[in-house]
Amino acid sequence: MTNALFLRKLLFWPQPWAAQVFMLLWVSLLILAPVGGLFATEIKSVISLHPPWTTLFKGETVTLTCKAFQINAPQKIKWYLWYLPGEIQYKTIGNTFVVHESGGYKCQAQDSHSSDRVDLIFSAANLILQAPSDVFEEDSVVLRCQAKANIVLNNMTLYKNGKILKILNKTSDFHIHQASMKDNGEYYCSGVKDTHSVSSNKIQIVVQELFPSPLLRTSSTQPIEGHTVTLTCESQLSVQRPEGQLQFRFVKPSTTSEWRISPEFQFSPIRRENSGSYWCEARRINSLVQKRSQELQIQVQEIVPDIRIHSHPEFVFEGLELVLICSVSGVPRPITVSWYKKQHRLRKDRELQTSSKTEFKVPVVQNSDAGEYYCIARNGRFSVKSNSVIISVKVPVSQPVLTPRPPGTWTLVREMSLQCEVQRGSLPIRYQFFHEDVLLKEIKSNSERKVFHRLSPTEKPFGNYYCTADNGLGPQRSAAVIPVSKPVLTFSSPGTRTFVGDKMSLQCEVQRGSLPIWFQFYREGVLLKKREAVSWITASYSFFLITEHSGNYYCTADNGFGPQRSETMSLSVTVPVSQPVLTLSPPGTRTLVGNEVRLQCEVQRGSSPIWYQFFHEDVLLTKIEATSWRTKSYSFSVTAEHSGNYYCTADNGFGPQSSETINLSVIVPVSRPVLTLRAPRAQAVVGDLVQLHCEAQRGSPPILYQFYHEDVTLGSSSSPSGGGASFNLVLKTEHSGNYFCEANNGQGVQRSYTMSLSVKVPVSHPVLTLRTPRVQAVVGDILEIHCETQRGSPPIQYQFYRENVALGSCSSLSGGGTSFNLSLTTEHSGNYSCEADNGLGVQRSEAVSLNVKVPVSRPVLTLRTARAQVVVGDVLELRCEAQRGSPPILYWFYHNNVTLETSTSHSGQGVSLNLSLTAAHSGTYSCEADNGLGPQHSEAVTLSVMGLTGSKSSLIATSVTGGLLSMMAIAAVALLFHCWLLRRAGGKPTFDSSRNPSAPDPQESTYHNVPGWIELQPVYSNVNPNRGEVVYSEVWSVKKENKLTAASEPEPFKNTDSCVIYSQVKGASTAASKPQFLDPLTPHR
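Remember, predicted model here, so these are calculated numbers, not experimental data. (Residues numbered from 1 in each chain as written. Predicted model: local features only at pLDDT ≥ 70, side-chain atom pairs only at ≥ 80, totals over all residues. Heavy atoms only, no water.)

## Digging into the overall build of the protein
Within the protein, the regular secondary structure consists of four helices and 88 strands. Long-range contacts, defined as pairs at least 24 residues apart, comprise 61% of the intrachain contacts of the protein with a sequence gap of at least 6. (Helix = DSSP H or I, 4+ residues; strand = E, 2+ residues; numbered from the N terminus. Contact = heavy atoms within 4.5 Å.)

## So, the sheet that holds strand β19 (residues 215-218)
Note: strands within a sheet are paired through backbone hydrogen bonds, in either parallel or antiparallel orientation. Judged by pairing direction, the sheet is antiparallel, and its three strands sit side by side in the order β19-β20-β23 without closing on themselves. Two strands bound the open sheet, and with one partner strand each, they are β19 and β23 (264-267). Strand after strand, the sheet turns through a mean of 15° between neighbouring axes, direction not considered. Here β19 pairs with strand β20 (residues 229-234) via four bridges, running antiparallel. For R217, the partnering residue across the bridge sits in β20 and is T232. (Pairing = 2+ DSSP bridges. Axes fitted to C-alpha atoms, helices over the stretch in contact; angles between N-to-C directions.)

## A short note on the pattern of salt bridges
This structure, assessed with the given rule, holds 23 salt bridges. R144 is paired through a salt bridge with D173; the nearest N and O atoms lie 3.0 Å apart. Pair noted here: R144 is in strand β11 (residues 141-147) and D173 is in strand β14 (residues 173-176), with a separation of 29 residues, a long-range link. Residue R144 is classed as partly exposed on the basis of its relative accessible area of 26%. (Salt bridge = Lys/Arg side-chain N within 4 Å of Asp/Glu carboxyl O. Buried < 20%, exposed > 50% of the residue type's maximum accessible area, 1.4 Å probe, protein only.)

## Structural notes on the side chain of S812
Within the element layout of this structure, S812 appears in strand β73 (residues 805-812). Its relative accessible area of 5% is what places S812 among the buried residues. Dropping the residues within four chain positions of it, S812 is found in contact with P794, P795, I796, Y798 and G817.

## Considerations on the packing of aromatic side chains
Under the defined criterion, the tally for this structure stands at 21 aromatic pairs. Note on Y159 and Y188: the rings are 4.9 Å apart at their centroids and 10° apart in plane angle, and the pair reads as stacked. Placement of Y159 in strand β12 (residues 154-160) and of Y188 in strand β15 (residues 185-193) is noted, with a sequence separation of 29 residues between them. Y188 shares its class with Y159; the two are buried. Connected via pairs of aromatic rings, a cluster forms that spans F491, F521, Y541, F543 and Y553. (Phe/Tyr/Trp six-rings, centres within 6.5 Å; stacked < 30°, edge-to-face > 60°.)

## Things to note about the environment of T589
Tracing the backbone through its elements, the reader meets T589 in the loop between β53 (581-585) and β54 (590-592). A relative accessible area of 45% means that T589 is categorised as partly exposed. Sequence-wise, T589 and S665 are 76 residues apart; in three dimensions their C-alpha atoms are separated by 6.0 Å. The residues contacting T589, other than those within four sequence positions of it, are N663, L664 and S665.

## Digging into the confidence of the model for the protein
Per-residue pLDDT for the protein has a mean of 79; in total, 79% of the residues score no lower than 70. For residues 407-414, every residue scores under 50 in pLDDT, and the model assigns this stretch seven contacts once sequence neighbours within four places are set aside. (pLDDT = per-residue confidence, 0-100.)

## Considerations on the pairing of strand β49 (residues 538-544)
Because side chains alternate across β49, one face comprises the buried residues A539, Y541 and F543, and the other comprises T538, S540, S542 and F544, none of which is buried. Relative to β49, strand β46 (residues 503-509) runs antiparallel, the two being bridged by seven bridges. Paired with E509 across the bridge in β49 is T538.

## Some words on the sheet that holds strand β9 (residues 127-130)
Spatially, three strands are ordered β9-β11-β14 in an open sheet, and the strand pairing comes out antiparallel. Among the strands making up the open sheet, the edge pair consists of β9 and β14. Strand-to-strand twist of the sheet, defined as the mean angle between neighbouring strand axes without regard to direction, takes the value 15°.

Structure below.
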């Protein structure tokens, strides 16, 4: 069927090369048919269409072209027949025929069979959809949505499986390039006329495979090392698309062969290292379609050499041929075999022959050939010696001859001896005498080759006598002296009935008896003929029958022991039978499966016995003999196979007579239907088109099919001519569950077994979340990378990446997300992403950036002056610098634990502060550095400022002192106001508690017992990973707990209720959007 569809598509396809390709393909099919058995050898006509569509508008015409690709010249075709439907409509001399009516058309060219039926539809609809009948992988397919002439349709739309595929604005054609399984479905188109919607006919497109997945075979899965092993990759192009050629390659996990035309790969010889898993791949030249076979395991077995020697025959006789066979197994070829005969008196054995043959022959055996032999097999790596075999040469006895003594006829002699003699044979010889297979006497002779046995007077000299002779090499039996057995008389025709004018041959035969034999033929005791048989134990007598030849016949046979008589045979003349009449009981030509039906065959005349035979579609049902009645019947319980034509025959020897044919129609209830779920892939996925196919293997049409999902009716479909029906579903998650179908043809409903369907959901885009134990990721922190997808059927495999380099993977067996932990170093800064995959396609998250900061080291404070001893009025430079730490770094300068000034270093280097010294500047100086990861305080440096002399110095000192006191008062007020603001914001004062032990903990009221490294847990999230500048806002959540004692230690990193969440907010590109550092303990707003 598929072959016909492929040929039909070539004829219908509107391409200039279609005819040439079709011609070449057809010739190929005719040539290949006897070899592959795939195609019929008969010449079949083929119809092609122009235009190629099978659906057209009424009023249009289609030109049918009839072709018959015969080996003979096309000019010899004189006529063409055209059928519609099934009856001859026209006979033409040309091969074209124009039609304009709907129907199923066939054609037949001279000397060819009729073509397949082509159904044409001339539609009166306003809109039709036209498409090719067959579609294969990689085909370029055209779907044409055609409106009737003078009909204007707007909003022309093409649908696939009930969904809009394309809106056809400027063209009525839709092209499918490189067709694949995803293009399967039901297509139709629609348009709008005025305000009414118009729909076309529906077309089901099923994309077929160019070739099946290959099957890898091997000559042996457990070969022995050194042998030749052949791998064969079996696949072939579809017979509907044989153009092109397949290429194959063979793959082992560690190596891959080149693409080749040959489907075979050979190891010659195979080695142990060739063990392993293999698979093969196939592709069509100049095609993207490539398929792979299942894996095949090959285990190469280690060589176990074995060599043995055998002699043929087993017993060696003088004068006959002796063959010694060296049986070698487990030794790789090629090998050489050396033959030796042991020399017991010499130290070295005699070498007889060395060659590649494993046989050593002695054409004529003599006594000198007796001895001990062995062989040695060599192949360059092995040298294996066989066991030894001892050859003993013997002379068997010849066939003995049994003769009576004295010679003459047994019936004339009262006493008799039997003599048994052989002409040759090794002594001693054991003789045995038999009568009718009963042993009479056994005699052993050590010196003579003949012996005698005297019959006793009580033994009757009748029956079969023979003797045997045996010297241990097998008994030999003499020919028997045999009286004739009881003869058997047979006629030339089967049975005992013959007819006037027939030639009759009487044959008399005995099963045994010594020649010559005299045969005599009798009828009613009167001798008819006497024959002598000198070379056969049978004789015959022939004559033409007349009515008087009826009677009893017998024959006799005699070879001098007395005549033996056969059984009597009767002969009679019979009357031919008339034409039989076949009847059905109960009457009628329709019946149900399971009913009892009786066929009766009857003749009006004819001599008995009569043989009746009953036939169904020319197949013999039974044969019955009637000896006293002219009628016979045959009964049976009806099954579906009993539908058809019946007749009977009657025969009494004149030849069979046939009855008229009777047709019996059997109504078959539907069998249990089989539900098949057909999906485009192994695992059903949301959005796939699944076909539910329900089919009952038997049942009289029409059959109504119903489809169910979890006992809810989906739909129904009727099959008017038998076979199955289908129902299509576009899968959703709620389509998972149990399906079944029912079939009914009016004789009872049958339900299929339940089929389960599990619909899988592909994973969505995952969301990547970075979690650290504090606001800013710091070297040494534990980073938790969490990846989670909102939907997707488990199990889900997650893969983590940094700068597109894989970090690791985790699997979530029950859905949800999974995490991956890192101990941070400076190299871990960069972009992170993750992938989720549940076997239905990989989805990747947006990238999330991570910047790993380094805490500042303890800063170093340096005081620089112009002289060794500073005095009032000198300029003092205070420089504070941390050797390491991520910028920007905020520096504080302190004089006697009072803040002098703050300064920010954006480059990571130190900062300086210049002071014009007064006497009040004497004291202790220190500095502090902080980059948001915790302040570090320098060592304190003491400075002593010397005062000036005289009134001038007093005046200056007084002025300076007053000014400093004023500045300190202003600074104290500002500091107190600043601390008040910080307390309201949940922060801490600008001085460090480490320098003022008596100061209370500013966080005590909020963070009683939460270690600092647990209190602040930042969570970096790609909630809104849009491009552009991002402003980070902090949200602090605090859980009040009991105050942590001094002896408590930090807990391991884990998720807690106290965390900081960074969310990305798209902001304007202004200076305000840039990160600014405030007080190191003040959260960024």
